[in-house]
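# A structural walkthrough
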Amino acid sequence: MADRTIQGGDGIDTFPFPVELSVGGVGMQIGPMGTGRTWHADAPLERVHRIDFHVVMLFGAGPVRHMVDFTEYEATAGDLLWIRPGQVHRFSRSEYRGTVLTMQPGFLPRSTVEATGLYRYDLPPLLRPDAAQLAGLQAALAQLLREYEDTATLPLSLHTAVLRHTLTAFLLRLAHLAASAAQALRQRSDSTFTLFRDAVERDFATNHSVSAYADALGYSRRTLVRAVRAATGETPKAFIDKRVVLEAKRLLAHTELPIGRVGVAVGFPDAANFSKFFHQHTDQTPAAFRAELR
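I will try to describe carefully the structure that is included in this document. (Residues numbered from 1 in each chain as written. Predicted model: local features only at pLDDT ≥ 70, side-chain atom pairs only at ≥ 80, totals over all residues. Heavy atoms only, no water.)

## Side note on the overall build of the protein
Helix and strand counts for the protein stand at 9 helices and 11 strands. Considering the protein as a whole, with its 294 residues, one finds that 42% of them fall into the buried category. Considering only contacts in the protein between residues 6 or more positions apart, those separated by 24 or more positions represent 68%. Carbon together with sulfur atoms contributes 53% to the accessible area of the protein, which is approximately 15,000 Å² in total. (Helix = DSSP H or I, 4+ residues; strand = E, 2+ residues; numbered from the N terminus. Buried < 20%, exposed > 50% of the residue type's maximum accessible area, 1.4 Å probe, protein only. Contact = heavy atoms within 4.5 Å. Areas by Shrake-Rupley, 256 points an atom, 1.4 Å probe, with all protein chains shown as cover.)

This is the structure we're talking about:
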């Protein structure tokens, strides 16, 4: 397999599915997580790398930290981590316990691939099922493990067909969980953004600090950045600055306040700092902007 290992332009190796683990053309493996597992002799798991197959880990213990696409996720017992082909990831030195499923879905029908969202990279990697969802996933995964290990009961063609259908049943449950998690994340982001927007509207004249807004709202700065970017496509700082500039323009256009007083009204006690800020965001000085409207 070494000759199939591909190094990307960013220097990160991509490792293929270990073909010797395929069963009758079914590119999958399922078993317990533990020490000593690797995709390839030249693929240390603690090194950043890519794989060209899916990995689904159902954790039986934790916490475990795992990096996916340069974001650190912390999983504990009952959580799942779904890593898709091409995503950059890295194992930590945590003790991984639970069940891991690896698969190349080429043997699945196109309709199944589409229905299960196997290549929806917008869905979150870390999934936290509730008790009922977890019970269903555990039962489906246990059944898949039994079918994978039982190579004697059925002829090979039937064995692979049963594996295909059993895997599909598990993936449908997993896909529903992932879609539900994404929807909940969007709703939380919407709520977070709404609170942030209202706080900015109330306090922009005295507070230009993203960290201060995050602290006041009880969010981490990272959470606030994600929520604002999802809602507006811009950073919280850009959102605040845009509101400050709008108010400054209103005061410059519709009042006779001296420019220094306008600056104070939008949070800049120093007139020079206000002029610099306004010019950075409008390519005009406050005086030039006012003169253009008179």
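## Topic: the pairing of strand 6 (residues 64-68)
Where burial is concerned, most of strand 6 is hidden: 4 out of the 5 residues are buried. Bridge count for strand 6 against strand 7 (residues 71-75) is 5 bridges, and the pairing is antiparallel. Across the sheet, residue arginine 65 finds its bridge partner in strand 7, namely glutamate 74. What sits between the antiparallel neighbours strand 6 and strand 7 is a turn of 2 residues, in which aspartate 69 has the positive phi angle 50 degrees. In the sheet, strand 6 pairs with strand 9 (residues 89-91) via 3 bridges, with the strands oriented antiparallel. (Pairing = 2+ DSSP bridges.)

## Quick look at the sheet that holds strand 6
If you trace the 3 strands from one edge of the open sheet to the other, you get 7-6-9, paired in antiparallel fashion. This sheet does not close on itself; its edge strands, each paired only once, are strand 7 and strand 9. Averaged over all pairs of adjacent strands, the angle between strand axes in this sheet comes to 25 degrees, irrespective of strand direction. (Axes fitted to C-alpha atoms, helices over the stretch in contact; angles between N-to-C directions.)

## A word on the sheet that holds strand 3 (residues 28-32)
With antiparallel pairing, the 5 strands of this open sheet are ordered in space as 3-10-5-8-11. Lying at the two open borders of the sheet, with one neighbouring strand each, are strand 3 and strand 11 (126-127). For strand 5 (residues 54-59) and strand 10 (residues 98-103), the ladder comprises 6 bridges, and the chain directions are antiparallel. Its bridge partner lying in strand 10, leucine 58 is registered against threonine 99. Helix 2 (residues 131-149) rests against strand 3, strand 5, strand 8 (80-83) and strand 10 of the sheet, and its axis sits at about 110 degrees to strand 3.

## Digging into the packing of aromatic side chains
Per the stated rule, a full pass over the model turns up 10 aromatic pairs. When the centroid spacing of 5.5 Å and the interplanar angle of 80 degrees are considered together, the rings of phenylalanine 193 and phenylalanine 239 count as edge-to-face. Taken together, the residues phenylalanine 193 in helix 3 (residues 156-203) and phenylalanine 239 in helix 6 (residues 236-254) connect sequence positions 46 residues apart. On the accessibility criterion, phenylalanine 239 (16% relative accessible area) is buried. Ring centres of phenylalanine 268 and phenylalanine 277 lie 4.8 Å apart, and the angle between their planes is 35 degrees; on these two criteria the pair is classed as tilted. (Phe/Tyr/Trp six-rings, centres within 6.5 Å; stacked < 30°, edge-to-face > 60°.)

## Here we look at the side chain of glutamate 147
Looking at the secondary structure, you find glutamate 147 in helix 2. No salt bridge forms around the buried glutamate 147; measuring N to O, its nearest opposite-charge neighbour arginine 146 is 6.4 Å away. Once you skip the residues sitting within four places of it in the chain, glutamate 147 turns out to touch His159, Val162, Leu163 and Thr166. (Lys, Arg positive; Asp, Glu negative; His and termini not counted. Salt bridge = Lys/Arg side-chain N within 4 Å of Asp/Glu carboxyl O.)

## Some thoughts on the packing of helix 6 against helix 9 (residues 286-293)
Packing of helix 6 against helix 9 brings their axes to within 9 Å, and their N-to-C directions diverge by 50 degrees. Taken together, helix 6 and helix 9 sit at an angle that is classed as oblique. In terms of crossing hand, the pair formed by helix 6 and helix 9 is right-handed. Of helix 9, the residues touching helix 6 (which contributes Lys249, Leu251, Leu252 and Ala253) are Pro286, Phe289, Arg290 and Leu293. (Parallel < 35°, antiparallel > 145°, perpendicular 65-115°, else oblique. Left-handed = near helix turned anticlockwise from the far one by under 90°.)

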